[in-house]
Structure formats: C-alpha cells, structure tokens
Amino acid sequence: MNSHRHLSILELVPIAPSSISTQQLLQKLIKRGLEISTRMLQRDLQSLFEQGCFGLEKDMRSKPYGWSINAQWRGGSAKIMSSEVAEHYLLLEQLLPQSVPSEVKQSVRIKAEQALKRFNGHVPDWLSTQPKPSLKVNIDTQLVAQIEHAIKHKRAVSAELYRVLYDEAHWLKFAELSFYNLVEQGGVLMAQFMVGQLHDKCYQMPVYRIRNVKVLQKTRREPSTEQLKSLRSAINKGMTQKAIEIVVKVPNHSAVNQGFIELGELTDKQHINDKSVLLTYQTIDTEQLNDELFKCAHWLEVIKPERIRKRIITKLKAATTNYL
C-alpha cells in the first residue's frame, strides 16, 4: 500500500521549474480516490526527499513549500537505453531464477529484447551464452572489502543500487545504507541491509547490483529480531514457491486471450468454438493471481487446478450471500 501511495505521489509531482504545494498535491490525490491526511502526505514527501533517489526537490524559499522533480534526474523520461542499462537487462534475464512470477519474467524479457536492439541483435561477448555455460558474475573484490569493513566497524555507507522504477532501470544513489551481513544464496553473494533512518524493513540484494560504496563517519542502524525474521520469511517464501499449471476458459475477445492480461507463461491454447478458448499457463500460486482471477470471475472460468477453482467458488458464494 505504501509503495502504491508513494508512486501516486511521485507521478503527480511536476518536473522543475514547475512545482506543486502539499495542499495542491493532496487535492489531486483525493481526486484519484486516494484518501490521505495532510500530515501523512507531509511525512511521505519528506521521506521520499530524504532518500535522495527519486529526484524529488523541496523549494523552501517561501511557504507553502514547492515540490518538484529535478529536470536532470537520471530516472527522468529519457527513452534512449544506454549500453550500460542494456547490458544489465541482458544479464538480469540470464540470472532470473525459475521461481520468480511469470509476469516478472515477461517484463524482463520485454526489456531484454529492447536491450538486444541497442546492440543491433549481437549480445556482448562477456554476456554471450552460446554455447550455454554456467554464467559467472565477476565480483568486485574491493567493493566486497568495503562492505565487509562497514559491517565489521558498524558504519553506515552511501552507495548506488541498481533499481527499476517506472519500468526503467537505473543506478540510484542512496545517501545512507546500513549493511549488516553478507551471505551466499544459490551461488550468488548477497548483501543484507537497511535503508536510511525511516524504513523499517530489511532488504537483500546481489552484490553485483551495488557500486560506489563510501563508508560514512556514522554508526549504522541495527535490525531488530523481528525485522530479521521478516526478511528470512520473505526469502524462504520466495525459495519455496512452486510453479503450477492453470487452465482457464475465456471468451475469444477477452483481454486475457488478447494478451493484455497475463496469468503466467502461456504454454497452450485450444479453441473450443468461435466464442471461447482454453488457455494453459505455467505460473505461481500467489495472492495477486487469486485476486486477478476473482476480478475476472464474471467472464473467466478456472478449469484446473481444482483447489483454485474451489477457492473462487467459495469467494463467489460469500459475495452472493452479502448481496442477497
């Protein structure tokens, strides 16, 4: 919910030199159907501003303060993909584990295809997988040494992280990170850290997606037992998710059959008649999938697996009871 709210806020903040006041922004959010208090909006803006990675700027020369997005922000509207970004998309596609949701795979695949065009269809030699060897990621030993130093001496750092925002990938500068552990997972060296002073969550990221680490003369944050437990739970959940096969019956003209709504990786399509089609997907059984299926239940029928079909039926019966 926080991510959705923050995204809505950032979408409504104009590019400098234009600016918007907190009250003007609040009215626009309300028109979008987002109920939020003035105080919460002020906290959100200050948090996004202090993170320093969204290009958000605050004009304090007069009140009310004006908010804008720096026109030179590297996460701006530039459409030309740099060779560096292209290489990272191609690398990301190769490193994606099988357990990630199919919509993530599809999103990365689309970007990787754009990246390939950046190189005129020729994958850079260091990324080439023909013949297909196991991919080795070169780790910057100096970078690892800096992170280990920060962990050992309990220092905060500033660094750039490779992130995807607004469907575009960028190296984003974070003014303060607190690294507290390095672990190996699936043959990949991962750094575990906290962001700034306001984020409550712990995060984990491959070391090769971190650069320009600078150790600060500031004591790092220490994660609580509950925060560590939450991260372990998220990691374990991601590792234990299993792919399932789902078969749905939809109208020929539906958004699902036209490919505008993707339920997973499409593996089979069978036309029943001139009105309906059976689609088979490989996907992950998640809450997002269930929500999507229930949203489309007035025209989409789950054929199998039976447990998901029964889940939808139970929800529909409960909904019917509420409206009788």
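Residues numbered from 1 in each chain as written. Predicted model: local features only at pLDDT ≥ 70, side-chain atom pairs only at ≥ 80, totals over all residues. Heavy atoms only, no water.

(A) Structural detail: the sheet that holds strand β9 (residues 265–271). Reading across from one edge, β9-β10-β8-β11 is the order of the four strands in this open sheet, with antiparallel pairing throughout. Every interior strand has two partners, whereas the edge strands, β9 and β11 (301–304), have only one. In this sheet, neighbouring strand axes are inclined to one another by 30° on average, regardless of whether the strands run parallel or antiparallel. The strands touched by helix α9 (residues 306–323) are β8 (243–251) and β11; relative to β11, the strand with the most contacts, the crossing angle is about 150°. (Pairing = 2+ DSSP bridges. Helix = DSSP H or I, 4+ residues; strand = E, 2+ residues; numbered from the N terminus. Axes fitted to C-alpha atoms, helices over the stretch in contact; angles between N-to-C directions. Contact = heavy atoms within 4.5 Å.)

(B) Spotlight on the pattern of salt bridges. Applying the stated rule across the entire model yields seven salt bridges. Across the pair E160 and R211 runs a salt bridge whose closest N-O atoms are separated by 3.2 Å. Remark: R211 occurs in strand β7 (residues 210–219) and E160 occurs in strand β3 (residues 155–165); sequence separation between them is 51 residues. The class of R211 is partly exposed, set by a relative accessible area of 24%. Salt-bridge contacts for K218 lead to E176; the nearest nitrogen and oxygen are separated by 2.7 Å. A residue pair is termed long-range when its members are at least 10 positions apart, and K218 in strand β7 and E176 in strand β4 (residues 168–185) qualify at 42 residues. (Salt bridge = Lys/Arg side-chain N within 4 Å of Asp/Glu carboxyl O. Buried < 20%, exposed > 50% of the residue type's maximum accessible area, 1.4 Å probe, protein only.)

(C) Structural context of the packing of helix α8 (residues 287–295) against α9. Look at α8 against α9: their axes get within 10 Å of each other, and the N-to-C directions meet at 55°. For the element pair α8 / α9, the angle class is oblique. Considering the relative orientation of α8 and α9, their crossing is right-handed. Residue-level inspection shows N290, D291, L293 and F294 of α8 in contact with α9, the latter providing I308, R311, I312, K315 and L316. Each residue belonging to the contact of α8 with α9 can be placed in one class, and the counts come to five nonpolar, one polar and three charged. (Parallel < 35°, antiparallel > 145°, perpendicular 65-115°, else oblique. Left-handed = near helix turned anticlockwise from the far one by under 90°. Nonpolar A, V, L, I, M, F, W, Y, C, P; charged D, E, K, R; others polar.)

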